[in-house]
Amino acid sequence: GESVGLHLPTLSVQEGDNSIINCAYSNSASDYFIWYKQESGKGPQFIIDIRSNMDKRQGQRVTVLLNKTVKHLSLQIAATQPGDSAVYFCAENWGPRGQNFVFGPGTRLSVLP
Amino acid sequence: EAGVAQSPRYKIIEKRQSVAFWCNPISGHATLYWYQQILGQGPKLLIQFQNNGVVDDSQLPKDRFSAERLKGVDSTLKIQPAKLEDSAVYLCASSLDQVGETQYFGPGTRLLVL
């Protein structure tokens, strides 16, 4: 079936630098995308979302970019902090009732001091 | 606002035994989800409820897994009998209204099948 995928399983960045986590999705019918952060021993935590009628959305220190032409989603974290170290998942959602919800495999972000 | 509650947090059983997990969603949330997360992978959706009705259970291995949401609030997920490959974290999530809206996750139940 169609699924979301992440190409970089591990990303290491220096504290204070910006991080970019990428995600490729294959279902052109997906109309809602979400980024989650998961720390060890915890459930995924919502970070930011974007609907398919937008190409950019900003939150506090985070920006999500959506490129529907190439089916690509990215999460940008500004001024990365040690507390940002976690696994990040993108997820896509589609269906007439929004009932199809698929997570990607995740990218581990390590923030170096 | 209290988050999604799950219990137990950890469970160790032998294969062929039965196990049940409990979830209490955020108060007022109509939609409830159960996910299976195998180590090193993203969560995989097993079943979705809206109130006490099943929206989608196409990914639920129905020969051994069952779930219910009586009265449209709490939910239980059961595995009977368990297999080694069922070892995973079982996550419960809820969302306010429609399927497809932002989901809030509980801490999960870590299951180890020996």
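Residues numbered from 1 in each chain as written. Chains lettered and ligands numbered in written order. Predicted model: local features only at pLDDT ≥ 70, side-chain atom pairs only at ≥ 80, totals over all residues. Heavy atoms only, no water.

Novice: Got a minute to help me understand the layout of surface pockets in this structure?
Specialist: Rolling a probe over the atoms, with the probe sized like a water molecule, indicates the empty space that remains. By volume, the largest pocket amounts to about 590 Å³. Lining the largest pocket are 29 residues, with A:Gln38, B:Gln37, B:Leu39, B:Gly40 and B:Arg110 positioned closest to its centre. Secondary-structure elements contributing two or more residues to the lining of the largest pocket are strand S9 (86-94) and strand S11 (107-112) of chain A together with strand S9 (88-95) and strand S11 (109-113) of chain B. When residues of the lining of the largest pocket are assigned to their parent elements, the largest contribution, four residues, is made by S11(B). A per-class count over the lining of the largest pocket returns 13 nonpolar, 11 polar and five charged. The calculated volume of the second largest pocket comes to roughly 350 Å³. Along the wall of the second largest pocket there are 19 residues; nearest its centre are A:Phe101, A:Val102, B:Lys44, B:Leu45 and B:Gln59. Listed by contribution, the elements that provide at least two residues to the lining of the second largest pocket are strand S10 (100-103) of chain A together with strand S4 (31-37) and strand S5 (44-50) of chain B. Looking at the lining of the second largest pocket element by element, the count peaks at four residues for S10(A). Residues that form the lining of the second largest pocket fall into these classes: eight nonpolar, nine polar and two charged. (1 Å grid on protein atoms, 1.4 Å probe; cavity = no way out; pocket = protein on both sides within 12 Å on 5 of 7 lines; lining within 4 Å. Points joined across faces, edges and corners; volume = space filled by probe spheres on them. Helix = DSSP H or I, 4+ residues; strand = E, 2+ residues; numbered from the N terminus. Nonpolar A, V, L, I, M, F, W, Y, C, P; charged D, E, K, R; others polar.)

Novice: Can you walk me through the packing of aromatic side chains in this structure?
Specialist: To describe a pair of aromatic rings, you give the distance between the ring centres and the angle between the ring planes. Residues and elements named next belong to chain A. Within this structure, the stated rule accounts for 12 aromatic pairs over all chains. Judged by centre distance (6.3 Å) and plane angle (80°), the ring pair of Tyr-36 and Phe-46 falls under edge-to-face. With a gap of 10 residues between them, Tyr-36 in strand S4 (residues 32-38) and Phe-46 in strand S5 (residues 45-51) connect regions that are remote in the sequence. Note on Tyr-36: relative accessible area 0%, which makes it buried. (Phe/Tyr/Trp six-rings, centres within 6.5 Å; stacked < 30°, edge-to-face > 60°. Buried < 20%, exposed > 50% of the residue type's maximum accessible area, 1.4 Å probe, protein only.)

Novice: How should I be thinking about the state of the cysteines in this particular structure?
Specialist: Here, the word disulfide means a covalent bond between the sulfur atoms of two cysteines. All names here are of chain B. Tallied over the full model, the rule gives two disulfides over all chains. Paired through a disulfide, Cys-23 and Cys-92 show a sulfur-sulfur distance of 1.9 Å. Disulfide Cys-23-Cys-92: torsion about the S-S bond near -70°, hence left-handed. Within this pair, whereas Cys-23 is found in strand S3 (residues 19-24), its partner Cys-92 is found in strand S9, the two being separated by 69 residues in sequence. Owing to a relative accessible area of 0%, Cys-23 belongs among the buried residues under this scheme. (Disulfide = S-S within 2.5 Å.)

Novice: Would you mind going over the pattern of salt bridges with me for this structure?
Specialist: Close approach of charged atoms allows side chains of opposite charge to pair. Residue and element names in this part refer to chain A. Applying the stated rule across the entire model yields five salt bridges over all chains. Residues Glu-39 and Lys-42 are paired through a salt bridge, measuring 3.7 Å at the closest nitrogen-oxygen approach. Judged by relative accessible area, Glu-39 falls into the partly exposed class, the value being 27%. The closest approach of N and O atoms between Asp-84 and Arg-61, which form a salt bridge, is 2.9 Å. Here the residue Asp-84 occupies a position in the loop between strand S8 (72-77) and S9, and Arg-61 occupies one in the loop between strand S6 (56-58) and strand S7 (62-67), the gap between them amounting to 23 residues. (Salt bridge = Lys/Arg side-chain N within 4 Å of Asp/Glu carboxyl O.)

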